[in-house]
Amino acid sequence: MKSEANAEGRGKSGATRGSGVRKARAALSKRAIVNAGVELADRDGLEPLTIRALAAELGSRPMSIYRHVESKDALLDAMVDAVIAEMEPAHDGPDWRDALRRRCESERAALVRHPWAIPLLESRANPGPVLLAHHNATLGALMRGGLSMPVVAHGVALLDSVVYGFAMQEAGLAAEAAGGGEHVEEVASDLVEALDPATLPHLTRFVAEYASTSEYSFGASFTFGVDAVLDALVRAAGTA
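Here the structure is a predicted model, which means the values were calculated and not measured.

## Quick notes on the pattern of salt bridges
Opposite charge on two side chains permits pairing when their charged atoms draw close. Applying the stated criterion across every chain yields a total of 12 salt bridges. Here R102 and E88 are joined by a salt bridge, their closest N and O atoms 2.9 Å apart. A residue pair is termed long-range when its members are at least 10 positions apart, and R102 in helix α6 (residues 96-113) and E88 in the loop between α5 (72-84) and α6 qualify at 14 residues. Across the pair R103 and D160 runs a salt bridge, and its minimum N-O distance is 2.8 Å. One end of the pair, R103, is in helix α6; the other, D160, is in helix α8 (residues 149-178), and 57 residues separate them in sequence.

Rendered as structure tokens:
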């Protein structure tokens, strides 16, 4: 009787374990894998992101991951698409300038949340459908502005340069703040005391009169930069 009870217990235990494994496999989907990859990259950056590390994060095995994504490159493509999906594409309304400004603001916000994605956006050999649709909407807005194709190309490059550059700098500032770094105004105030106005007169004046005051806003330069590019595109359209 005892051996039968033990056998029955082992049977139930084995059934429970088997059920747990089946549930884990059922829960493992491409979306879950991609979301975990994004979370891992947000936390640790891209360098530690491997299929093995991702499997450990999910409590799974590498071979289980490969059933849903064929390679690390395919995973990165899907992760980029997931980040792009957080961005507002340029709308197809008549105000092409507003469409591009809103697109840039949304893109900047997403890249500040996911700075690891910046170098991947233009380097994917197999861009996903969401990324392609995002590019298509941007090009459509520029073309509605009556720009020639060379100026359309300039517009894409310049707007993305402003967005990517600011997102990278803001991510660095956010990381410093998270690590207990000082506010920009405090850093600037300390810098004023360390600067020698005799040798660095322009830098000393800039920091003392503006950068160390509450009037200074790093983010305001983003709006200025986007508008400067858009103004130049409007002038180019008028010339054409």
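After that view, the rundown keeps rolling.
## Points about the nonpolar core
Side chains of nonpolar character tend, in soluble globular proteins, to be buried together. In terms of nonpolar packing, the biggest core is built from 54 residues, with M79, L100, L111, W116 and L233 touching the most fellow members. Broken down by element, the residue count for this core peaks at eight residues, all from α8. Excluding anything up to four places from it in sequence, L111 contacts V83, M87, A117, I118, L121, V163, Y164 and A167.

## Some words on the packing of α5 against helix α7 (residues 129-144)
Between α5 and α7, the shortest axis-to-axis distance is 7 Å and the interhelical angle comes to 45 degrees. Between α5 and α7, the crossing angle belongs to the class labelled oblique. Along the contact surface, α5 presents V80, D81 and I84, while α7 presents P129, V130, L131 and H134. Of the residues belonging to the contact of α5 with α7, the class tally is five nonpolar, one polar and one charged.

## Re a nonpolar patch on the surface
On the surface, L139, M143 and M149 cluster together into a nonpolar patch covering about 270 Å² of accessible area. The residue M149 is located in helix α8 in this model. Note on M149: relative accessible area 53%, which makes it exposed.

## Side note on α5
Between its first and last C-alpha atoms α5 spans 18 Å; for 13 residues at 1.5 Å apiece the expected length is 18 Å, and the two agree. Residues of α5 that are buried sit in contact with α2 (30-44), α3 (51-58), α6 and α7.

## Here we look at the packing of aromatic side chains
Given two aromatic rings, one states the distance between the centres and the angle between the planes to describe the pair. All chains considered together, the criterion is met by four aromatic pairs. Considering the side-chain rings of F166 and F218, the 4.9 Å spacing of their centres and the 35 degrees angle between planes classify their relative orientation as tilted. Note that F166 is positioned in helix α8 and F218 in the loop between α10 (201-211) and α11 (220-239), a separation of 52 residues in sequence. In textbook terms, an aromatic cluster arises when at least three aromatic residues are bridged by ring pairs, as seen for F166, F218 and F222. A cation over an aromatic ring shows up here: R108 above the ring of F222, its NZ or CZ 4.3 Å from the ring centre.

## So, the side chain of T204
Mapped onto the elements of the fold, T204 is located in helix α10. If we skip the residues at most four places from it in the chain, T204 touches L195, D196 and P197.

The rules behind the values
Residues numbered from 1 in each chain as written. Predicted model: local features only at pLDDT ≥ 70, side-chain atom pairs only at ≥ 80, totals over all residues. Heavy atoms only, no water. Salt bridge = Lys/Arg side-chain N within 4 Å of Asp/Glu carboxyl O. Helix = DSSP H or I, 4+ residues; strand = E, 2+ residues; numbered from the N terminus. Core = buried A, V, L, I, M, F, W, Y, C linked by side-chain atoms within 4.5 Å. Buried < 20%, exposed > 50% of the residue type's maximum accessible area, 1.4 Å probe, protein only. Contact = heavy atoms within 4.5 Å. Axes fitted to C-alpha atoms, helices over the stretch in contact; angles between N-to-C directions. Parallel < 35°, antiparallel > 145°, perpendicular 65-115°, else oblique. Nonpolar A, V, L, I, M, F, W, Y, C, P; charged D, E, K, R; others polar. Patch = residues over 30% accessible without salt bridge, like charges linked within 9 Å, V, L, I, M, F, W, Y side chains within 5 Å. Areas by Shrake-Rupley, 256 points an atom, 1.4 Å probe, with all protein chains shown as cover. Expected span 1.5 Å × (residues − 1). Phe/Tyr/Trp six-rings, centres within 6.5 Å; stacked < 30°, edge-to-face > 60°. Lys NZ or Arg CZ within 6 Å of the ring centre and 35° of its normal.

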